[in-house]
There are 2 protein chains.
Amino acid sequence: MSPLTNKRVTRQRQLVYDCVIDRKDHPSANEVFVDLQSSGIGLATVYRQLSAMVDEGILKSFEHSGQIRYDRLVTPHAHFVCSVCDEIWDVDLPKNIFSMAPVESNADIEELDLTWKGICKACK
Amino acid sequence: MSPLTNKRVTRQRQLVYDCVIDRKDHPSANEVFVDLQSSGIGLATVYRQLSAMVDEGILKSFEHSGQIRYDRLVTPHAHFVCSVCDEIWDVDLPKNIFSMAPVESNADIEELDLTWKGICKACK
DNA sequence: AACATAATGATTATCATTATCATTAAGAAA
DNA sequence: TTTCTTAATGATAATGATAATCATTATGTT
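These numbers were taken from a predicted model, which means no experiment stands behind them.

**Student:** For the interface of chain B and chain A, give the residues involved together with the corresponding values.
**Tutor:** On the side of chain A, 33 residues touch chain B, which itself brings 33 residues to the contact. Interface area for chain B against chain A, summed over the two sides, is near 2900 Å², with a carbon-plus-sulfur share of 56%. It is B:Glu63, B:Trp116 and B:Lys117 that lose the most area in chain B upon contact with chain A, and together they represent 23% of the buried surface on that side. Where chain B meets chain A, there are 3 salt bridges. A salt bridge links B:Asp113 to A:Lys117, with the nearest nitrogen and oxygen atoms 3.2 Å apart.

Given below as structure tokens:
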């Protein structure tokens, strides 16, 4: 568990965090809940802990087909989504992407969301 | 109304389309519904027509804080979102962005979603 | 004018997420 | 170790966005 937090280390918090880290993919709250079902954790706790961890900066989140997905990778990166199997991969951002911010916005860019869409190797 | 469709031109379809075109922003289905309330249109019809128009390619859509937003601009472009006022602007994609597709994906890119986030001029 | 059927509107259902609140348990203090 | 404060939990209800259902209406064709 990350030290960057002054929250109580409950059994449930540890379970949720470990689940996202171990899965290595981009689970929804419900997928984490299903994984931890046998532990007796409550659904509300899964939702609470996941969004708390995003606030604390130890997890990231993004929207995908109407639901929030969680990501253990918190450094800036992009995603590739297969339009056939709907799987998601972490991919690198283009080099110097932040220098390509639109002048129209006339603003300091804090972050960006970049998702590439296509058909993955397996589906092709 | 775009000619690219063989759908029946109902009064409701015309109203929904004109609303999105006239607004010039990125309304949700409910915002379109509220605009058209006085016409007596049904909420389900607004949802149906908007998603139909996206399927037909005469409108685009994207997810924004848990809801689907509709965009009259169907050519490839990015968005800038202000983290303070939550307003959304259409902005140009970086030049040659499609040539920067990640090699990891090993796939043909069909499209991409790019959203810049920061504080807009007005909020700064 | 008649017809076939796509579209509509009212409503219900679904799904993801958040709020509520009584109970439990971390972790600090005694 | 026991006590104590209060954050966290779990069960459940509430919310909000969107999709599905179905009887009725109206478009566009014959």
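Moving on from the coordinates now.
**Student:** Quick rundown of the protein's contact with DNA strand D? Include the residues and the values.
**Tutor:** Near DNA strand D there are 20 residues, and of these A:Thr10, A:Thr45, A:Arg48, B:Val9 and B:Ile68 occur at the shortest range. A:Gly42 places a main-chain nitrogen or oxygen 3.0 Å from a phosphate oxygen of DNA strand D. Interatomic distance of 3.4 Å between a side-chain N/O atom of B:Gln67 and a phosphate oxygen of DNA strand D. Broken down by secondary-structure element, the contributors of at least two residues to the surface near DNA strand D are α1 (11-23) and α3 (43-56) of chain A together with α3 (43-56) and β2 (67-71) of chain B. Sort the elements by how many residues they give to the surface near DNA strand D and α3(A) lands first, with 4 residues.

**Student:** Lay out the pairing of strand β3 (residues 78-82) of chain B in plain terms, naming residues and giving numbers.
**Tutor:** All names here are of chain B. Counting buried positions along β3 gives 5 out of 5 residues, so the element sits mostly inside the fold. Of the strand pairs in this sheet, β3 and strand β4 (residues 88-91) are connected by 4 bridges, and their pairing is antiparallel. Bridge pairing links His 79 to Asp 90 in β4. The turn joining β3 and β4, which pair antiparallel and follow one another in sequence, is formed by 5 residues; a positive phi near 70 degrees is taken by Asp 86.

**Student:** Please give an account of the pairing of strand β1 (residues 60-64) of chain A that cites residues and values.
**Tutor:** Residue and element names in this part refer to chain A. Sheet topology places β1 next to strand β2 (residues 67-71); 5 bridges connect them, and they run antiparallel. Paired with Phe 62 across the strands is Arg 69, a residue of β2. Two successive antiparallel strands, β1 and β2, enclose a turn made up of 2 residues, where Ser 65 displays a positive phi of approximately 40 degrees.

**Student:** Can you explain the pattern of salt bridges? Please cite residues and give values.
**Tutor:** Residue and element names in this part refer to chain A. Overall, the coordinates contain 10 salt bridges over all chains when judged by the stated rule. We note a salt bridge from Asp 35 to Arg 23, for which the minimum N-O separation is 3.0 Å. One end of the pair, Asp 35, is in helix α2 (residues 29-35); the other, Arg 23, is in helix α1, and 12 residues separate them in sequence. A relative accessible area of 40% places Asp 35 in the partly exposed class.

**Student:** So what's going on with the packing of helix α1 (residues 11-23) of chain B against helix α2 (residues 29-36) of chain B? Residues and values would help.
**Tutor:** Residues and elements named next belong to chain B. Where α1 meets α2, the closest approach of the two axes is 10 Å, and the angle between their N-to-C directions is 105 degrees. In terms of orientation, α1 and α2 fall into the roughly perpendicular class. Counted together, Leu 15, Val 16, Cys 19, Val 20 and Arg 23 of α1 and Glu 31, Val 32, Asp 35 and Leu 36 of α2 form the full contact between these two elements. Of the residues assigned to the contact of α1 with α2, the class counts are 6 nonpolar, no polar and 3 charged.

**Student:** So what about the protein's contact with DNA strand C? Which residues, and what values?
**Tutor:** Taken together, 20 residues lie near DNA strand C, and A:Val9, A:Ile68, B:Thr10, B:Thr45 and B:Arg48 sit nearest. When atoms of DNA strand C within 4 Å of the protein are sorted by moiety, sugar and phosphate together comprise 64%. Measuring from a base nitrogen of DNA strand C, one finds a side-chain N or O atom of A:Arg8 at 3.3 Å. In the model, a phosphate oxygen of DNA strand C is placed 2.6 Å from a nitrogen or oxygen of the A:Ile68 main chain. Looking at the surface near DNA strand C, its residues break down into 6 nonpolar, 8 polar and 6 charged.

Conventions we followed
- The residue count restarts for each chain, going from 1 along the sequence in the order it is written.
- Written order decides the labels, with chains lettered from A and ligands numbered from 1.
- Where local features are concerned, this predicted model is filtered to residues with pLDDT of at least 70; where side-chain atom pairs are given and counted, the filter is 80 or more; whole-chain, interface and lining totals use all residues.
- Hydrogens and water are ignored here; the side-chain numbers use all heavy atoms of the structure.
- In what follows, a contact means two residues having at least one pair of non-hydrogen atoms within 4.5 Å.
- Buried area counts how much accessible surface, traced with a 1.4 Å probe, disappears from two parts once they are put together, with both parts' losses summed.
- Salt bridge, as used here: a side-chain nitrogen of Lys or Arg that lies within 4 Å of a carboxyl oxygen of Asp or Glu.
- Here a residue is considered near a molecule or strand provided that any single heavy atom belonging to it is located within 4 Å of it.
- Polar contact is the term for a pair of N or O atoms within 3.5 Å; when the atoms are in protein, one must be able to donate a hydrogen and the other to accept it, and sequence-neighboring residues count only if both atoms are side-chain atoms.
- Strands are runs of DSSP state E lasting at least two residues, helices are runs of H or I lasting at least four, and both sets are numbered from the N terminus onward.
- Burial here depends on accessible area, computed with a 1.4 Å probe over protein chains only, as a share of the maximum for the residue type. Under 20% is buried, over 50% is exposed, and the range in between is partly exposed.
- Note on pairing: DSSP must find at least two bridges between two strands before they are called paired.
- Every axis corresponds to a line fitted to the C-alpha atoms, with the helix fit spanning only the stretch in contact, and the corresponding angles, defined between N-to-C directions, vary from 0 to 180 degrees.
- Throughout, the term roughly parallel applies to angles under 35 degrees, roughly antiparallel to angles over 145, roughly perpendicular to angles from 65 to 115, and oblique to all others.
- Under the convention adopted here, Pro, Cys and the residues Ala, Val, Leu, Ile, Met, Phe, Trp and Tyr are nonpolar, Asp, Glu, Lys and Arg are charged, and Gly plus all remaining residues are polar.

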